[in-house]
Amino acid sequence: MEKEFTHFDGQGNAIMVDVSDKETTMRKAVAKGTIYVGEDVLQAVLQQRIKKGDVLGVARVAGIMAVKNTAAMIPMCHSLQITGCSLDFEIDEKNAAITAFCTAKVTGKTGVEMEALSGASVALLTIYDMCKAIRKDMVITGLTLVEKTGGKSDYGRKIE
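Residues numbered from 1 in each chain as written. Predicted model: local features only at pLDDT ≥ 70, side-chain atom pairs only at ≥ 80, totals over all residues. Heavy atoms only, no water.

(A) Quick look at the overall build of the chain. What the chain contains, in helices and strands, is four helices and five strands. Sequence-ordered secondary structure for the chain, helices as α and strands as β, is β-α-α-α-β-β-α-β-β. Viewed in the frame of its principal axes, the chain has a C-alpha envelope of about 55 × 30 × 30 Å. Among the 160 residues that make up the chain, the fraction classed as buried is 39%. When contacts within the chain are restricted to residue pairs at least 6 apart in sequence, long-range pairs at least 24 apart make up 72% of them. Accessible surface for the chain amounts to roughly 9,700 Å². Of this, 53% is attributable to carbon and sulfur atoms. Measuring between centres, the 20 positive side-chain charges of the chain sit 4 Å from its 20 negative side-chain charges. (Helix = DSSP H or I, 4+ residues; strand = E, 2+ residues; numbered from the N terminus. Buried < 20%, exposed > 50% of the residue type's maximum accessible area, 1.4 Å probe, protein only. Contact = heavy atoms within 4.5 Å. Areas by Shrake-Rupley, 256 points an atom, 1.4 Å probe, with all protein chains shown as cover. Lys, Arg positive; Asp, Glu negative; His and termini not counted. Charge placed at Lys NZ, Arg CZ, Asp CG, Glu CD.)

Written as structure tokens, this is what we have:
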């Protein structure tokens with residue numbers, strides 16, 4: 001059974017989905033993404049030798065701000081009253097990589113997948129921005145939804 005696209009009206013015009021009749025539930029989404037920074041950048045981040053400041057601290061705040069402002073960046077997203085947000089990092093010294101995990105929560109009528117994806121993405125972009133003076137060949141990859149709960153459907157993917 002093919003899902004129906006809900007962001008278009010009968011004439012094919014883009015619309016914001018009407019969620020007026022949906023049930024208010026607790027909803028959560030987790031997204032992750034990875035930036036491969038290189039050994040020199042990773043050591044500079046870990047030893048807090050980046051001239052722009054505490055890279056992971058600033059990236060955490062940037063990601064949380066992105067979660068709160070997703071509707072301003074993505075046209076058909078609803079403005080949500082975020083009830084919780086966290087952004088954590090996993091360091092992979094062997095591969096000189098940093099993985100961002102963004103969790104967003106809301107009690108509402110629509111999910112927070114786009115908010116979690118935005119938070120992880122902006123956190124990674126912030127790391128790139130703060131470290132680009134050392135190297136510009138960093139690679140951001142693997143932005144993905146890991147988990148979604150609440151609403152009509154739940155979704156989960158094994159975190160590797």
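(B) Layout of unusual backbone geometry. Here the phi dihedral of Gln48 falls at roughly 50°; this positive angle occurs in a residue that is not glycine. Relative accessible area serves as the criterion here: at 54%, Gln48 is assigned to the exposed category. Despite not being glycine, Ala96 has its phi angle at roughly 50°, a positive value. On the secondary structure map, Ala96 appears in the loop between strand 2 (82–92) and strand 3 (97–108). By relative accessible area, Ala96 is classed as buried at 8%.

(C) Inspection of helix 2 (residues 55–68) at higher detail. Here helix 2 spans 20 Å end to end across 14 residues, near enough to the 20 Å set by a 1.5 Å rise per residue. Close packing links the buried residues of helix 2 with helix 1 (39–46), helix 3 (70–73), strand 2, strand 3 and helix 4 (113–131). (Expected span 1.5 Å × (residues − 1).)

(D) Up close: the pattern of salt bridges. Considering all chains together, one arrives at five salt bridges under this definition. Here Arg135 and Asp40 are joined by a salt bridge, their closest N and O atoms 3.0 Å apart. In this pair, Arg135 is assigned in the loop between helix 4 and strand 4 (139–149) and Asp40 in helix 1, connecting sequence segments 95 residues apart. By relative accessible area, which is 26% here, Arg135 ends up partly exposed. Between Lys52 and Asp129 there is a salt bridge whose closest N-O contact spans 3.7 Å. With Lys52 in the loop between helix 1 and helix 2 and Asp129 in helix 4, the pair connects residues that are 77 residues apart, well separated along the chain. Shared partners join several salt bridges into a network, and the residues in it are Asp40, Arg135 and Asp137. (Salt bridge = Lys/Arg side-chain N within 4 Å of Asp/Glu carboxyl O.)

(E) The arrangement of the sheet that holds strand 2 in detail. One open sheet accounts for five strands, arranged 2-3-1-4-5; its pairing is antiparallel. With one partner strand each, in any of the chains shown, strand 2 and strand 5 (155–156) form the two edges of the open sheet. Its contacts with the sheet put helix 2 on strand 2 and strand 3, and the angle it makes with strand 2 is roughly 145°. Packing against the sheet, helix 4 makes contact with strand 1 (25–36), strand 2, strand 3 and strand 4, and its axis sits at approximately 25° to strand 1. (Pairing = 2+ DSSP bridges. Axes fitted to C-alpha atoms, helices over the stretch in contact; angles between N-to-C directions.)

(F) Here's a closer look at the nonpolar core. Of all hydrophobic cores here, the largest spans 33 residues; its most connected members are Val37, Val45, Phe89, Ile98, Ile127 and Cys131. With eight residues, helix 4 is the largest single contributor of residues to this core. Beyond its immediate sequence surroundings of up to four residues, Ile98 is in contact with Gly33, Thr34, Ile35, Val37, Leu42, Val45, Leu56, Phe89, Glu90, Ile91, Leu124 and Ile127. (Core = buried A, V, L, I, M, F, W, Y, C linked by side-chain atoms within 4.5 Å.)

None of this, on its own, says anything about what the molecule does.
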